[in-house]
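Read off the chains here:
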Amino acid sequence: MDAARREVDPAAFARRPRGMWRYFELLPVRDEANVVTLGEGGTPLLRAPRLERAHDARAILIKDEGVNPTGTFKARGMSAAVSRAKELGLTRLTVPTAGNAGGALALYCARAGMEAHVFMPADAPEANKMEAAIAGANLVIVNGLISDAGRLSRERAAEIGLFDVSTLREPYRVEGKKTMGYEIAEDLGWRLPEAIVYPTGGGTGIVGMWKAFDEMERLGWIGPERPMMIIVQAEGCAPLVRAFENGARHAEPWEGASTIASGIRVPSAVADYLILDAARESNGTALTVTDAEILAAMRELAETEGVWAAPEAAATLAGYRKLRASGFLAPETETLLLCTGSGQKYMEVVAPL
Ligand SMILES: Cc1ncc(COP(=O)(O)O)c(C=O)c1O
């Protein structure tokens, strides 16, 4: 942080190309030659005037992560993790995944000339299996959930010596994800919105943004104010919402997890306490939405603002609607919906619409 304070000031970023590597000094790679990039980050922060009118709201913002390479924000984390792995001389990486992280690892490893092992549930979106396969990854289809995939990935890693890039079990994916926090602040003129609604699975995004806010305050770029950090989960898999409501700092694993929003079908999160701390310290909250509400929100986002969002991303709008109805969010609360991915990867989900 001291080096970053000396070497960069926020105005310097504006002179660099858009994308997450414009924050190079704040990322874990030492030598720029090791950066493995497909052009991730620098995603649009869209004002949503038609949604605002429909919801009688002062300000709704959409951060559209669907325009990333690989179609989701997972690209940021994998760009950082694969770059740092390259720098450390690692060549064989493994990941258990709900789908998008595995596809992203496969493509970033291909870009770096590295070997990727991807453990993915059998009912993950077809697009995720295809992107892993087409990139030449060792794709293992698992009859079970991401937690089962995690067990198999760890076993294989021990057997043949793979480096495990599971969510928050290595320190670098979160560094990539934190750049969303930097971008939001930069795009708003070095301030933050009043609330951020985040579709939470393993929680790298929320933990990453929370870290970015802390870093920016230490650098003197923003003040101590924080957005309310709002956790949205699916009714069929809501371990963090249950823990939030029970006042617990750790979440019990969710039994029988099921939702069309496969990226947030995560029965237990290793960083549960960090996610819950961020929501509590920011006076945020946690809530569930149903699959039907997610589908309706997918259509609403596309019809009103032209954003074809992934079901996880649409869950943020479904959550926003409920928080307005309950009065938790006021019409004037400037709220950012963190739209984590593109609906184009979810043909199975949208086909019945
Ligand atoms: C599109 C999408 N949104 C949200 C998530 C949840 O992300 P996190 O693990 O950071 O909570 C995922 C994870 O797979 C995802 O693919």
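As shown above, the structure is provided for reference.
Described below are features of the structure shown in this document. (Residues numbered from 1 in each chain as written. Predicted model: local features only at pLDDT ≥ 70, side-chain atom pairs only at ≥ 80, totals over all residues.)

Bringing the site of the ligand into the picture now. Around the ligand, the surrounding shell holds 19 residues, and the nearest of these are Gly 201, Gly 202, Gly 263, Thr 340 and Gly 341. Looking at the shell around the ligand, the elements with two or more residues in it are α5 (100–112) and α9 (204–218). Of the residues in the shell around the ligand, the class split is five nonpolar, twelve polar and two charged. A domain split of the shell around the ligand shows at least three residues from each of domain 1 (45–72 + 174–350) and domain 2 (74–164). (Near = placed C-beta within 6 Å. Helix = DSSP H or I, 4+ residues; strand = E, 2+ residues; numbered from the N terminus. Nonpolar A, V, L, I, M, F, W, Y, C, P; charged D, E, K, R; others polar. Domains from an automatic or database assignment.)

All right, on to the sheet that holds strand β7 (residues 195–199) then. Strand order in the open sheet formed by six strands is β1-β2-β10-β7-β8-β9, with mixed pairing between adjacent strands. The sheet terminates laterally at β1 (45–47) and β9 (285–289), the two strands that pair on one side only. Within this sheet the neighbouring strands show an average axis-to-axis angle of 25°, counted without direction. (Pairing = 2+ DSSP bridges. Axes fitted to C-alpha atoms, helices over the stretch in contact; angles between N-to-C directions.)

What follows concerns the pairing of strand β3 (residues 92–96). Taken across its five residues, β3 has four buried, putting it largely inside the fold. Handedness of the β-α-β unit built from β3, α5 and strand β4 (residues 115–121) comes out right-handed. Pairing analysis gives two bridges linking β3 to strand β6 (residues 163–164), with the strands arranged parallel. Counted as the bridge partner of Thr 94 is Asp 164 from β6. (Buried ≥ 20, exposed ≤ 12 C-beta atoms within 10 Å, placed from the backbone. Right-handed = clockwise from strand over helix to strand, strands pointing away.)

As for its position among the elements, Thr 167 is in the loop between β6 and α8 (173–187). Counting along the chain gives 145 residues from Thr 167 to Glu 312, while the straight-line C-alpha distance between them is 17 Å. If sequence neighbours within four positions are ignored, Thr 167 has contacts with Arg 173, Gly 202, Thr 204 and Val 270. (Contact = placed C-beta atoms within 7 Å.)

So, about helix α11 (residues 272–281). Within an α-helix, residues lying three or four positions from one another point in the same direction, as the helix has 3.6 residues per turn. Every buried residue of α11 is listed here: Asp 272, Ile 275, Leu 276, Ala 278 and Ala 279. The buried side chains of α11 occupy one side of the element, clustering within an arc of 155° when seen end-on. Contacts from the buried residues of α11 go to α9, β8 (228–234), α10 (239–246) and β9. Following α11 by one or two positions, Asn 283 has its phi on the positive side, about 55°. (Arc of directions from axis to C-beta.)

With that settled, the discussion passes to the pairing of strand β2 (residues 60–64). Across the five residues that make up β2, a large majority, five, are buried. A two-sided burial pattern is seen for β2, the buried positions comprising Ile 60, Ile 62 and Asp 64 on one face and Leu 61 and Lys 63 on the other. In the sheet, β1 pairs with β2 via three bridges, with the strands oriented antiparallel. Within the sheet, the bridge partner assigned to Leu 46 lies in β2 and is Ile 62. In terms of strand pairing, β2 meets strand β10 (residues 335–339) through five bridges, oriented parallel. Bridge pairing in β10 places Lys 63 opposite Leu 338.

What follows concerns the environment of Gly 220. Relative to the helices and strands, Gly 220 resides in the loop between α9 and β8. Spatially, the C-alpha atoms of Gly 220 and Asp 9 are 9.6 Å apart, while their sequence positions differ by 211 residues.

Take unusual backbone geometry next. One non-glycine residue, Leu 168, lies in positive phi territory at about 60°. Locating Leu 168 in the fold gives a position in the loop between β6 and α8. On the basis of neighbour count, Leu 168 is assigned to the partly exposed category, with 19 C-beta atoms found within 10 Å. Phi angles above zero are rare outside glycine, and Asn 283 is one such case at about 55°. Asn 283 sits in the exposed class, given 11 other C-beta atoms within 10 Å.

Turning to α10, its buried residues number three or more, namely Pro 239, Leu 240, Val 241, Ala 243 and Phe 244. Next to the buried residues of α10 lie β8, α11 and β9. Looking one or two places after α10, you find Gly 247, whose phi comes out positive at around 75°.

A word on the packing of α10 against α11. Helix packing for two helices is described by the angle between their axes and how far apart those axes are. As a packed pair, α10 and α11 sit with axes 11 Å apart at the nearest point and diverge in direction by 55°. When the axes of α10 and α11 are compared, the pair comes out oblique. Our pair here, α10 against α11, has a crossing hand that is right-handed. Of the residues in α11, those in contact with Leu 240, Ala 243 and Phe 244 of α10 are Asp 272, Ile 275, Leu 276 and Ala 279. (Parallel < 35°, antiparallel > 145°, perpendicular 65-115°, else oblique. Left-handed = near helix turned anticlockwise from the far one by under 90°.)

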